[in-house]
Amino acid sequence: MATAARIKKKATKIAPSKAKNLTPGTVAYTGKKTTTVTTLDIIDYSKENFSRFQTNVVEDAFKYEDADNITWINVNGLSNVQDIVTLGNHFELHPLIQEDIVTTNQRPKIDEYEEYLFIVFKMLHYDENEKLINEHVSMVVGKDYVVTFQEAEGDVFDDLRERLGHGKGRVRGAKSDYLMFAILDAVVDNYFSVMEFMSNKVEVLEDKLFDDKENEDFTQEIQYLKKEILKIRRAVLPLREVINRLEKIETPLIEERTSKYINDLYDHIIQVNESVEIYRDMIWGLMDMYMTTISNKMNEVMKVLTIMASIFIPLTFMAGIYGMNFDYIPELHLKYGYFYLWGAMILVFFGLLWYFKRKKWL
Amino acid sequence: MATAARIKKKATKIAPSKAKNLTPGTVAYTGKKTTTVTTLDIIDYSKENFSRFQTNVVEDAFKYEDADNITWINVNGLSNVQDIVTLGNHFELHPLIQEDIVTTNQRPKIDEYEEYLFIVFKMLHYDENEKLINEHVSMVVGKDYVVTFQEAEGDVFDDLRERLGHGKGRVRGAKSDYLMFAILDAVVDNYFSVMEFMSNKVEVLEDKLFDDKENEDFTQEIQYLKKEILKIRRAVLPLREVINRLEKIETPLIEERTSKYINDLYDHIIQVNESVEIYRDMIWGLMDMYMTTISNKMNEVMKVLTIMASIFIPLTFMAGIYGMNFDYIPELHLKYGYFYLWGAMILVFFGLLWYFKRKKWL
Amino acid sequence: MATAARIKKKATKIAPSKAKNLTPGTVAYTGKKTTTVTTLDIIDYSKENFSRFQTNVVEDAFKYEDADNITWINVNGLSNVQDIVTLGNHFELHPLIQEDIVTTNQRPKIDEYEEYLFIVFKMLHYDENEKLINEHVSMVVGKDYVVTFQEAEGDVFDDLRERLGHGKGRVRGAKSDYLMFAILDAVVDNYFSVMEFMSNKVEVLEDKLFDDKENEDFTQEIQYLKKEILKIRRAVLPLREVINRLEKIETPLIEERTSKYINDLYDHIIQVNESVEIYRDMIWGLMDMYMTTISNKMNEVMKVLTIMASIFIPLTFMAGIYGMNFDYIPELHLKYGYFYLWGAMILVFFGLLWYFKRKKWL
Amino acid sequence: MATAARIKKKATKIAPSKAKNLTPGTVAYTGKKTTTVTTLDIIDYSKENFSRFQTNVVEDAFKYEDADNITWINVNGLSNVQDIVTLGNHFELHPLIQEDIVTTNQRPKIDEYEEYLFIVFKMLHYDENEKLINEHVSMVVGKDYVVTFQEAEGDVFDDLRERLGHGKGRVRGAKSDYLMFAILDAVVDNYFSVMEFMSNKVEVLEDKLFDDKENEDFTQEIQYLKKEILKIRRAVLPLREVINRLEKIETPLIEERTSKYINDLYDHIIQVNESVEIYRDMIWGLMDMYMTTISNKMNEVMKVLTIMASIFIPLTFMAGIYGMNFDYIPELHLKYGYFYLWGAMILVFFGLLWYFKRKKWL
Amino acid sequence: MATAARIKKKATKIAPSKAKNLTPGTVAYTGKKTTTVTTLDIIDYSKENFSRFQTNVVEDAFKYEDADNITWINVNGLSNVQDIVTLGNHFELHPLIQEDIVTTNQRPKIDEYEEYLFIVFKMLHYDENEKLINEHVSMVVGKDYVVTFQEAEGDVFDDLRERLGHGKGRVRGAKSDYLMFAILDAVVDNYFSVMEFMSNKVEVLEDKLFDDKENEDFTQEIQYLKKEILKIRRAVLPLREVINRLEKIETPLIEERTSKYINDLYDHIIQVNESVEIYRDMIWGLMDMYMTTISNKMNEVMKVLTIMASIFIPLTFMAGIYGMNFDYIPELHLKYGYFYLWGAMILVFFGLLWYFKRKKWL
C-alpha cells in the first residue's frame, strides 16, 4: 500500500484538472465564471402570445409547461450546481447530460435521447482586451421547450429575442425545432463575425511585417495568433459534425420543413470552417514570411556595412604604406606626394563604389 | 440587462458582415456592385424559333412562359433586392434561395427542389489591373426555363448566346438541362483560361526570381499570388462537388442523354482542380526558391567582400610593422628595403588570390 | 548449411527483442519491472456486500467465483509468468491472450471471445524525475468478473476502489460491464492529467525560449518533448479505436444502459486525442520558433558589432593619413591641426551614429 | 452592350487555350505536332492468319471488318481532324469521344459505351535533348477491333507488333480485350523505363550536389526535375484509376480469363505510382539538401576567413603600438626590441592558431 | 518506319529494366543473386512423423505428395528459371505466378486461386557491412503443401524448422494454413528486429549530431538513412494490406481456428508499420536538427571572433592616433603618456569585455 500512496502523491503532482477522477455523471462545475446567483430568462410564446420573465428562482420555470406554447428557458451561470441539478431532474435529464452542462471544457457534440436532443456548442467573442473568450453553451431541445445553459450573462441571441418579441420572422409560428435552428444560426453567424475580426488582425499583422521600421519581434504575436486560431478551430470544427448529424437524425422532434433550414446552416458552418482553415494556413505562413523579411532586412544592413569596411580597408592600407619608416621611400620626398596619394585614394574610393553599384550590391 | 448591453457593444466592435444577424431567409444584398437598375436579358428559343429581348422591367419576363419554348432569363445586378424578390416569388423560389441569390459570399452549391434545381457558382476573370474578380452567379433550372443571376453585366456566355442565335450546336434542339450544362461548361472553360493566365504569372515571376538583378523584394508579390490561388481554389473546389452531385441526382429535369455531357464536364472540373493544386504547390515552393536565391546571392556578395578584407588585412599588418619606431629595425636601413617589401606584399597578394581561387572560393 | 549459419550470426547481430522468434502463443515476459512476487488485490462486491482481500497466492482468487457478486481481481507484477499462466488457464484464456498479457510492448487493442472481452491499454504517469512511464495493462471482462493485469503496484484506480468501498456511485449496483467502463474511465481521466502536465511543460519551455538570456541550447529539450508526445500518442491513439469498437460490439456482456456511458467515454478519448494532436503540432512548431529566436538574437549581436567596426574603420583611416611620413603634409604643421582632426573625428563618429539610428539599424 | 464588349476584350486578354469556348463535342486538335498526313497502320490477325498494311487513306481501314479476325488500327497524327471524324463516324463514336481524341491535354480516363470502351492514356518518353515528351493516346476497344490514336509516329508497341507477327505469346489466340491489355501493358512497362531514367537523373544530381566543387547554382535544375516528376505524375496517377475501374467493369467485351492479366497490370501501375511518389519526395528533399550543402560550404569559407582576420587584427594592433610617437616609449630603445616584438607576435600567432584548432574551429 | 527506328533507339537510351517489354507471363529472373544450382529443402511432417531432405533435383520434390502429411518445400535460388518452371507446372501454377516468383522487384501481394493462395513478401536483413538486404520471397499455399521460393540460402525460418523437428508448438498438429501463418509470423518478427536495429542507428546518429566535435558532414548519412527507411517501408506497408486481406478471405484453405492467429499477426504488422512511420518522421526531423545544430555552432564561432575584432578595432584606432605626425600633439610629450595610454587601452579592453558579458554575448 506504500507504493499506492507514492503514486497518489505523483498524481497530485500532475495537477489533475477540476472535476476529473470523479464518479462519471457527477455534476461539478469546471469553469472560471463563478457567479453567486443563477438567473433564468424565460420566453414563452405561440403565434399569438408572447411573454418574457426573468427570475433567480429555478422553480419559477416549471409553471410554463403547457403544450400549446413554446418555452425558451435561458439559464445564465453554471456555478450554482444545485440549480442545474434541480432543473435537470425536472426535465428528466440523464446524469451524464447534467455533467456535460457544467463541464465547460466538453467539446461540441449532439446526443439523441428519446424525449429530447442535447447539443453542446461554444459561443465565441472578443472581450475588451481583444482576448478571445470561449463560452460553453448547452441546449436541450424538447417537444415544446428549449433550455439553454450559459456560463455568464450576455450572448448573441438578442436579435433573436427581439424578433420573437416583435413577432417578426418565421420563428413565432414555428415549433421548438425552428427555435433550436434559430439559436444555432445566431451562433454560426457570430462565428462569421469572429472570423472577420480575426482576418482583420491577420491583415494588420501582415502589413506590419512588411512595413516594419522598428525591428520589433513579432514571434510572440504570431504565436499568439496561432493559438487563437486553434482555439476557434476547436470550437467550430466539431460543430460541423454536430450539424451534419442533425441533418441526418430521424426524430419526431424535427419537422420536415425545418430540414431545409438546417441544410442551409450546414452550408454556413462549412463556410466558416473553410475560413478557419485558410486563416490557419495564412498564420502559419506568416512565420515564414516574417523570417524572410527579417533576413532580407538583416542582409541589407550587413551588406552596406561590409561594403563600407571593404572600401576603407584598402585605403587604410595605402596610408599604412606611407607611414613606414624606411630610409628610402622615394614617393615621400615628392613635393606633392601627399596630394598625389589623396588623388589615388579618391580614385580607389569611387572606383570601388562604382564597381559595387555595377554589381548591384548597393 | 447591463451586461447584455455591454456584450452588444462588443459585438459591434467585431464589425459584423452585412446581412449577418438577420432572420434566416431575409433577402439582403451583400456585394459591392450596386447598380441602380436591374437589367434582364431574355432568350426564348425552340428548335425552330429564336428571340432575344432586353428590359429593365422584371415583369416583362413573365410572359415568356409557354411550355414549348425554352426560356433563358439572365438577370444582371443584384442590388435592387425588390426585383429579385418579385422574380423569386413569380418562380416560387424558397426564401432561402432568394437569400442565397443576393448573398455574394455564398459558396458554390446545389440544392434540389421538386420543381427546379438551384445552383450557385462563381465566375472568375481578371480586370484591367490584372486583379482577379470573383463574380457570384446563381442559376435556377426549371422544366422549360433557366434563370441566371449575376452581379454585373458582362459574362462568359457570349459564345453560347451566339450559338443559340445561329442555331449551331446541339443546344437549340435540347431541353433546359442541356442549356444548364452549356452554361456550366462555359464557366468551367473559362476556369481553364484563368488558370492559364495564372500559370503565366507564376512562370514570369519564377523567371524574375532567377534572373533578378535589381534585388527586388518579391515577398509581397508571392504573398499576393498565394491569396489569388486560394481565391480561385475557393471558387473551383466546391463546384467539383456540385457537378459530382449533379451526375448522381435522380430528377426528371435531367435527361438520360445529357448525363454523358455532365460526365464530361466533371472530367473538366477535375482537370481544373488538378491544375489549381499543382499551381498552389508551385507558388508555395516559390517562397523557398526565393529564399535560396536570396541567400545564394547574399553569400556571393559576402564572400567576395570578406575575401577582399582577408587579403588587405595581412598587407596592412606588414605596413604596420615598418611603421614602428624601434631604434633598431635593420630592414629599414636596407637600400631597397622599401621595394623588397613591395615585392613581398605583391607576392602575398597574389598568393592569397591563388589560394582562394584554388579553394573555389572566388 | 554454412550459409544458414552465417545468416544466423547476422540475425543475432540485429539483436532480436526479447520474446521474439518464439512460438506464437508462448508466454514470456518482455518488460523491465521484474518483481519476485505477484500480488493479487481482490475486490468482491454486490449492491449489499463488499469485501477486499490481498494475497500472493494466485489460487486464492479462485474461490471468489459465485455468480451473484462481481469480482475484480487486480494482478500486480507480470514477471512471474507461471502465475499468469495458472490464472489464465483457470479463466480459460486463449494462449494468444496469455502472450499479450506479458508482452509489454503490445499496442492497445480489443479482442472479442465468446465468454469474455480482452482489452489491452496503457497507463501513463510521470515518475519522480518527470520521466514519462508507460505501464502495460490488460483487462479480461467476463460475465461476473474483471481481471486486470499490471506491471507493478500503484495505479490510477484508488478513487474507484474507494467509491466501491463506500458504496457511492452507480458502480456497486451495476454489472461487470460498468466496472470495465469505470476502469477505462479512470485511465482516460488520467490521460487528461498527463496532457495537462505535458501542456505545462510545453508552455514553460515556450516562455524559456522567448525570455532566454543564457543562450542555452534547447534542441535536445525540444527533441525530448517530441519523443514524449509520440509516446503518449502511441498509447492514446489506438485506445480510441478500441473504445469505438467497444461502442459497436454486439455482446451480451455489455448492457444497453452502459452504452450511454461508453458513448461518453468515447467523447473523452476523442478530446484527449485532439489535445495530443494540438500539442504535437505545437512542439513541432517550437523548433521553428527556437530557430527564429536564435537567429533574431544572433542578428542583433552581429549588427551591433558590425556597426562598431564600421564606425572605427574610417576613424582609423583618418589617423593613418596623418601617420604618413611625406615630407610635405601641410595639415601636420597647423598649430591646432591635431585638435581640428579630433573635431573631424568626433563629427564623423556622431554622424555615422546618427545615420545608423535613422536607418533603424541600431 | 458596351459593357459586354469590354468584358470580351478582357476575355481575350486572358488568352484562352485553343479549342476552349467551343461547342462541347466540337472536334478541334489542340496539340503541337501538326503533320500533313494521317497514316494508318492496320494489323489484322487471328490464331492462323496475320496481315499488316499501311496507308494514308482512312477509308482503307473499313474493309478489315469481319468478325473472325481481330483488327488493330493504329492512327498516327491527329491534326487532320477530318480523317478522325471520318473514322469516328464509321465506328459510330460519340461526338464527345471524337473531341477527346484530338484534345491532347485530356487527362487519362475510361468511358464505357454499349458497343465499345474508350480509354485515354499518355505515352511518355525522353527525346534527344532528354526532354520528357508526353504523347496523348486514345484507344477504342470494340468486339473485334482496337483503334489507337497517337499524335505522331513512333511508339512503344514494336515488341508487341513483333510478337503478333511471329505468332509468339498468348496474344494471337486471344480476343480484342487481350490486345487492349497488351497495349496498356506495353505502356506501363515503358513507365518503368521512364522512372528508371528519372531515378538515374535524380541520383546523378544528388551526387553532384555532394561533390560540387564549382559552386554551381542547382536551383533551376531541381526546379526542372520538380516539374518533370509532376508531369509524369499527371500521366500515371489517373491511369491507375482507369485500370482499377477496368478491373471492376462488367462488360461482355472483357473475358473472364483476361481479368487475371488486368489484375496483374493493376499491380504494376501501383508499383509505378509508388516509385513516382518516392521520387517526388526525394526531389523535394533535394532542395533542403542543397541548401544545407550550400550553407555548410559557405560556413566553411566564412570561418576560415574570419579566423584569418582574427589572427591579424591583434598583430596589427601590436605593430600600431610601436608606431606611436610618444617621447618616451622605453621598449623602442631596447637593443633587440624589434626582435622581441617579432617573437611576441609569432607567439600570439601560433597561440591563436592552437586555440582555434583546439576549439575545432579550423 | 524511320521514325519508329529512331524511337526505338531512344527507348534503349532509357535503359529498360531487365524482363520488361517481354510478353506478360514470361518467366525471366530479374534479381542479382545468380547461383548455378537451385537447392530444395523439403520438410514433410504430420503430428507423428517428421522427415527432412535436401536436394538439387527439382523432381525429387514430387514424391512427397500424399494427402496425410504436410509438405514444406523451400526453394533456394531463382536464377535457374527452368527449375522454377518445372516446379510451377507440376503444381499447376498460373504463368503470371511463375513470372512473379522470379520478378524480384514485385511488391508484396496476395492472389487467390481456387487450388492455392499465392503470397509475395520481402525478407529484410542487414549484411556484414550493415547494408540492408531486401530478399524477394514467394509462397504458394495449397491444401497439404507450402512451397516457398527464396533468392538465396539463409533465412529467418530456422527457429520454425527446429520447432517442427522437435515437435514443439502447435505447428506439427496443424494444417498447411498454420504453417503459412508460422512462416509469415517469422518474417514479421524479423521486421521487429530490423526496426530495432534501425532505431539503434537513428539514436546513435542523433547522439553524434548533438555531441559532434569534429564538424563532420552528416548530410549523406542522413540521406542514406532516409533511403533505408523508405526501402523498409516499401517492404512492410504492402504486407499489411496482404495480411488484412488474408483475414477477410473466404477460402476452405484457412481453418476457423487459424483466424485468431492471423488476427494477431495483423496486430503485429500494424505495430511494425507504426514504428516505420515514427522512425520515418524522426529521420526527416534529423535534417532540421542537424541544420539547427550547425547554425548554433557556426553562430558561436562567428560571435567569438567578431567580438575579438570589435575589441581590437578601437584599440588599434587609439594606437593610430598617437602614431600621427602632427607638430603639436600635447599628449606625446607627457612624461608617462605612453603608460597612460596603456592604462586607457586596458580600461577599454576590460570595459568592452564586461559589456559583452553583461549583454550575454560571450
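Residues numbered from 1 in each chain as written. Chains lettered and ligands numbered in written order. Predicted model: local features only at pLDDT ≥ 70, side-chain atom pairs only at ≥ 80, totals over all residues. Heavy atoms only, no water.

The name recorded for chain A in an unreviewed UniProt entry is Magnesium transport protein CorA, from Aequorivita echinoideorum. Heading Function (unreviewed entry) of the UniProt record for chain A holds this comment: "Mediates influx of magnesium ions." As recorded by UniProt, the Sequence similarities (unreviewed entry) comment attached to chain A reads in full: "Belongs to the CorA metal ion transporter (MIT) (TC 1.A.35) family." (UniProt positions renumbered as here; feature names shortened; annotations may be inferred.)

J.: I tried to follow the overall build of chain A on my own but got confused; where do I start?
T.: Helix and strand counts for chain A stand at eight helices and seven strands. Relative to the 2.2 N^0.38 estimate, which gives 21 Å for 362 residues, the radius of gyration of chain A is 35 Å and therefore markedly larger than a compact globule would have. Seen along its three principal axes, the alpha-carbon backbone of chain A occupies a region of about 120 × 65 × 35 Å. By residue count, 60% of the 362 residues in chain A fall in the buried class. (Helix = DSSP H or I, 4+ residues; strand = E, 2+ residues; numbered from the N terminus. Rg over C-alpha atoms; globule rule 2.2 N^0.38 Å. Buried < 20%, exposed > 50% of the residue type's maximum accessible area, 1.4 Å probe, protein only.)

J.: What exactly am I supposed to notice about the interface of chain E and chain D here?
T.: Interfaces are frequently sized by the accessible area removed from exposure as the parts join. Contacts between chain E and chain D engage 70 residues on the former and 66 residues on the latter. Together, the buried faces of chain E and chain D total about 6500 Å²; carbon and sulfur atoms form 60% of this surface. One can count five salt bridges joining chain E with chain D. On the surface where chain E and chain D come into contact, there are 15 residue pairs in polar contact (both at pLDDT 80 or more). When contributions to the side of chain E that touches chain D are tallied by element, the ones reaching two or more residues are α1 (2-13), α3 (95-102), β4 (109-112), α6 (219-248), α7 (256-321) and α8 (337-358) of chain E. Looking at which element gives the most residues to the side of chain E that touches chain D, the answer is α7(E), with 17 residues. (Contact = heavy atoms within 4.5 Å. Buried area = accessible area lost by both parts, 1.4 Å probe. Salt bridge = Lys/Arg side-chain N within 4 Å of Asp/Glu carboxyl O. Polar contact = N/O pair within 3.5 Å; in protein donor to acceptor, adjacent residues only side chain to side chain.)

J.: Would you mind showing me how to read the sheet that holds β4(E) here?
T.: Consider a sheet: its strands pair through backbone hydrogen bonds, and that pairing is either parallel or antiparallel. Residues and elements named next belong to chain E. Read from one edge of the open sheet, seven strands run β2-β1-β3-β7-β6-β5-β4, paired in mixed fashion. Two strands in the sheet have a free side with no partner beyond their single neighbour: β2 (50-55) and β4. Taken pair by pair, the neighbouring strands of this sheet meet at an average axis angle of 15°, ignoring direction. Summarising the sheet, strand β5 (residues 117-126) and strand β6 (residues 132-141) pair through ten bridges and their orientation is antiparallel. Among the inter-strand pairings, M123 is bridged to a residue of β6, identified as E135. Along the sheet, α3 makes contact with β4, β5, β6 and β7 (145-150), crossing β6 at roughly 155°. (Pairing = 2+ DSSP bridges. Axes fitted to C-alpha atoms, helices over the stretch in contact; angles between N-to-C directions.)

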